[in-house]
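What follows is the residue order along each chain.
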Amino acid sequence: MYLKELTELDGVSGDEGRVRDFIKEKIESKVDSVKVDVLGNLIAFKKGTKSNRKFVLAAHMDEVGFMVTNVEDDGTLSFAPVGGVDPRVIVGKHVRIKGEVPGVIGYKAIHLQKRNEILESPKYENLRINIGASSKDEATQKVEIGDYVSFATDFRCENSRATGKAFDDRAGCAVLMEIIERSERFEDDLYFAFLVQEETGLRGSAVLFEQLQPNLALVIEGTTAGDDPGLPEHQWATHLGDGPAITFMHRGYVVNKKIYESILQVAQKYDIKHQPKRRTAGGTDAARLAKTGGGVPAGVISVPARYIHSPLSVIDVDDFKNTVSLVGKILEEGEGFAR
Amino acid sequence: MIDLIKELTESYGPSGREEEVQKVVLKHLEGHIDGHRFDPLGNLLVWKKGKSDKKVLLDAHIDEIGLVVTNIDDKGFLRIEPVGGVSPYTYVGHRVRFPKATGVVYYEGETPEEQKKNLSNLTFDHLFVDIGACDRKEAESIVPIGTFGVYDSYFYENGKYLVSKSMDDRIGCAVLVEVFKNLKDPRHTVIGSFSVQEEIGLVGASVAAYDFSPLLCVAVDVTDSADYPKGLKRHAMALGKGPAIKIKDRASISHRKVVELLEQAAQKAGVPYQKEVLTFGGTNAAVLQRTKEGIPSATLSIPTRYVHSPSETVSLNDVEGAVKLLVSFIDLELEL
């Protein structure tokens, strides 16, 4: 299981190199070929025993984070989000710039806030990253404008629950890597696509069609749980511990009916715990794949994660293992899947 | 044609679940086309070969807006989210039709004050559906989570107008079917795309033209008619004045030359027409024009009152005009 290594690497959208290098090194010897395309997607190929279909398994390597927009005179850094990050979840947190320089995001002490201010959401304009520099000169020796900033969160696992950053979508990357570990060949030609820049608008997946002309795809994601105290149960998207979440519709795409139903059938057939994803908000690379080239019908299977797009999210490791099992069984179905 | 419109609009086909409507379309096209196929996304593509080597693609989306079941509670009540641009208000007290059940949609409120508050700030989170089930298990067996529903509405003739759910865009589908029926020995090859998943983001049409590389595309869709009390300011479209040739909406600007050809076709056929500038909205033309290296595209609209409600209203006159216009269009030389 590569969850620890993968989530502790920094790879904000457009800066996926560390994640890509790690994955590439681990999988190279286990697949038929590996390539990195122009946008930076890592695509591994494993030939099938029948090779009648090209089947893409996709997960995105990037995570949400920030970019340094200016180095201020006092040595603090102004920054902007890359991907969707709620500013309320970032104050008082550790960050890492370029994967190496530690920093903190501070906020004015409660003593200095007026009563009504306490209830207000902080604005990016009023937040700074502090890297321990006391002047612009000192700061620019370590960082410059355009540097990427990630949350600095260690992976921890206790009992069956794990905490860390970037489960969206390193969990998906880890699922793909588990599948690659399996030595057997499946009926369909398999392409493992580790994609870039999903969080900034489904960009990496936009160039898959012209390279591969796939027949179908499965997007493996880390997705919203929503099972927290603030929401009534009927508004939960998914629930930790109930198994992989299977999407029937999300923003910009209704999942191909045959694929959706086939995923459910496989899960039922092998008695793998699973749940429908019960909210339609949020999009995935499936929407982009459907809309590019001649169209790629895609399904979406996700590992539920609480508090995604924040410095710290929580998954159930059994959900992860069940996702690996489900995806594995789908591949074992071979050409019978979604036929 | 009225029977065709009734059958098409009363069919069930929310985005992603268009099979039933496609069957109706294929049934009516039998004997009028040279072939058909379904592409990987489920778009129904039909064609009739012409004498020239030019190909024209006509598009109408076959899906309609709807609802999808996202949760079921212990007592068997359903929770829903919209599929496409649906106002929650159109469903209050109205009915939703699922493949195996019909349900009543209503809103929460534990006090009269809360009811009032919820109704004035209505969201889908306030709504629930009652399908008459006794508990979760019974409801799940009839409408499992992930089941799609549509307005439970029927077609009728309201004076000189036609009223139904899903005129958007079954009326476009009806126009395409009638066009194919009227093409005996067409000058150019005509491809019809009955495209899926338009309402949630122009999905099907994004890839429908990919394999054909047509000379040009015309999307046939509805546009908002402004001719009712306090209807949209600045908009000219009205029922009964003929089909509307779109110049611009929020998602696309019609290709100038295709607009000119559509006008020529109308004049040649003696069909009155309107020009349309819509300050919002979009049609499949927006993605058809961006396919591959780019395809000159435009939209021919059927002016429609109360778009995205259970009672979308059109004039048969405009619909028949659109058919004549397009038949005449295909008989032009189509020099771009």
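Residues numbered from 1 in each chain as written. Chains lettered and ligands numbered in written order. Predicted model: local features only at pLDDT ≥ 70, side-chain atom pairs only at ≥ 80, totals over all residues. Heavy atoms only, no water.

### Re the overall build of chain A
Quick note on the threshold: Going along the chain from the N terminus, every DSSP run of H or I of four or more residues is numbered as a helix, and every run of E of two or more is numbered as a strand. For this measure, only C-alpha atoms enter the radius of gyration; the expected value for a globule follows 2.2 Å times N^0.38, where N is the number of residues. Note on contacts: a residue pair is in contact if any heavy atoms of the two residues lie within 4.5 Å.
In terms of helices and strands, chain A carries nine helices and 19 strands. Against the compact-globule benchmark of 20 Å for 339 residues, chain A has a radius of gyration of 21 Å, which places it among compact chains. With the principal axes as the frame, chain A shows a C-alpha extent of 65 × 45 × 40 Å. Within chain A, counting contacts between residues at least 6 apart in sequence, those at least 24 apart form 77% of the total.

### A word on the environment of Thr140 of chain A
Residue and element names in this part refer to chain A. Put simply, the rule reads: Note on exposure labels: buried denotes an accessible area under 20% of the residue type's maximum, exposed denotes more than 50%, and partly exposed covers the range between, all computed with a 1.4 Å probe on protein chains only.
Within the secondary structure, Thr140 sits in helix 4 (residues 136-140). With a relative accessible area of 39%, Thr140 lands in the partly exposed category. Separated by 69 residues in sequence, Thr140 and Val71 have C-alpha atoms that sit 7.2 Å apart.

### Some thoughts on the nonpolar core
For clarity, the cut-off: By convention a nonpolar core is built from buried Ala, Val, Leu, Ile, Met, Phe, Trp, Tyr and Cys residues, the set being connected through side-chain atoms within 4.5 Å.
Membership of the largest hydrophobic core comes to 168 residues, with the highest contact counts inside it found for Ile23 and Phe194 of chain A together with Phe194 and Phe329 of chain B. For Ile23 of chain A, the contacting residues outside a window of four places in its chain are Leu6, Leu42, Met61, Cys173, Met177 and Phe194 of chain A. Leu77, Ile97, Val143 and Val149 of chain A belong to the second-largest nonpolar core, a separate cluster that totals 21 residues.

### Quick word on the sheet that holds strand 10 (residues 156-158) of chain B
Residue and element names in this part refer to chain B. Basically, it comes down to this: DSSP-based pairing: two strands are paired if at least 2 bridges between them are found. Interaxial angle, 0 to 180 degrees, is taken between N-to-C directions of lines fitted to C-alpha atoms, where a helix line uses only the stretch in contact.
The sheet built from three strands is open, its strands ordered 10-11-17 with antiparallel pairing. In this open sheet, the two strands that pair with only one neighbour each are strand 10 and strand 17 (312-315). Each strand axis lies, on average, 35° off the axis of its neighbour in the sheet, ignoring direction. Summarising the sheet, strand 11 (residues 161-164) and strand 17 pair through four bridges and their orientation is antiparallel. Along strand 17, the bridge assignment pairs Leu162 with Val314. Its contacts with the sheet put helix 5 (residues 167-182) on strand 11 and strand 17, and the angle it makes with strand 17 is roughly 30°.

### Points about the interface of chain A and chain B
Applied cut-off: Buried area, as used here, totals the accessible surface that two parts lose on assembly, with accessibility defined by a 1.4 Å probe and the loss added over both. One speaks of a salt bridge when a side-chain nitrogen belonging to Lys or Arg is within 4 Å of a carboxyl oxygen belonging to Asp or Glu.
Contact residues are listed per partner, giving 28 residues for chain A and 27 residues for chain B. A combined buried area of about 2,200 Å² lies between chain A and chain B, and 55% of that area is made up of carbon and sulfur atoms. Among the residues of chain A in contact with chain B, His234, Val254 and Lys291 of chain A are the three that bury the most area, contributing 26% of the side total. Remark: the boundary between chain A and chain B carries two salt bridges.

### What about the side chain of Lys46 of chain A?
Residues and elements named next belong to chain A. Which entries qualify depends on this criterion: We define a polar contact as two N or O atoms separated by no more than 3.5 Å, with the added condition that, inside protein, one atom must be a possible hydrogen donor and the other a possible acceptor, whereas residues neighbouring each other in sequence contribute only through side-chain atom pairs.
Within the fold, Lys46 resides in strand 2 (residues 42-46). Engagement of the side chain of Lys46 in a polar contact is seen with the backbone oxygen of Glu184, the distance being 3.1 Å. Here Lys46 is in contact with Lys30, Asp32, Ile180, Arg182, Ser183, Glu184, Arg185, Asp188, Asp189, Leu190 and Phe192, once residues within four sequence places are set aside.

### Remarks on the environment of Glu210 of chain A
The topology assignment puts Glu210 of chain A in helix 6 (residues 208-212). Relative accessible area serves as the criterion here: at 53%, Glu210 of chain A is assigned to the exposed category. The spatial distance from the C-alpha of Glu210 of chain A to the C-alpha of Gly65 of chain A is 29 Å, given a sequence separation of 145 residues. In contact with Glu210 of chain A, not counting residues within four places along its chain, are Gly293 of chain A together with Tyr210 of chain B. Here the side chain of Glu210 of chain A touches Tyr210 of chain B through a polar contact of 2.8 Å, side chain to side chain.

### Quick notes on the sheet that holds strand 16 (residues 297-304) of chain B
Residues and elements named next belong to chain B. Spatially, the eight strands line up as an open sheet ordered 1-2-12-3-13-16-14-15, and their pairing is mixed. Of all strands in the sheet, those bounded by a partner on one side alone are strand 1 (35-38) and strand 15 (274-277). Looking at each pair of strands side by side, their axes are set apart by 25° on average, direction ignored. With seven bridges joining them, strand 3 (residues 55-61) and strand 12 (residues 189-195) adopt parallel strand pairing.

### Focus on the domain arrangement of chain A
The parts lose accessible area when they come together, and the size of an interface is often stated as this lost area. Residue and element names in this part refer to chain A. Selection rule: Bear in mind that the domain bounds are from an automatic or database domain assignment. Classification convention: Asp, Glu, Lys, Arg as charged; Ala, Val, Leu, Ile, Met, Phe, Trp, Tyr, Cys, Pro as nonpolar; all other residues, Gly among them, as polar.
Entries for chain A in the domain assignment read domain 1 (3-63 + 165-336) and domain 2 (65-151). Residue-level contacts link 15 residues of domain 1 with 15 residues of domain 2. Carbon and sulfur atoms make up 58% of the area that domain 1 and domain 2 hide from each other, which totals about 1,100 Å². When the area that domain 1 buries against domain 2 is broken down by residue, the three leading residues are Asp10, Val12 and Pro311, summing to 43%. Counting every contact that joins domain 1 to domain 2 gives one salt bridge. Residue classes in the side of domain 1 that touches domain 2 are distributed as two nonpolar, six polar and seven charged.

### Concerning the pattern of salt bridges
Under the counting rule described, the total for this entry stands at 40 salt bridges over all chains. Between Lys108 of chain A and Glu117 of chain A there is a salt bridge; the shortest N-O distance is 2.5 Å. A relative accessible area of 19% means that Glu117 of chain A is categorised as buried. A salt bridge links Glu260 of chain B to Lys257 of chain B; its shortest N-O distance comes to 3.8 Å. In this pair, Glu260 of chain B and Lys257 of chain B are both assigned in helix 7 (residues 256-269), three residues apart and thus about one turn of the helix distant. Residue Lys257 of chain B is classed as partly exposed on the basis of its relative accessible area, which comes to 28%. Within this structure, Asp10, Glu63, Arg96, Lys165 and Arg170 of chain A form a network of salt bridges that share partners.

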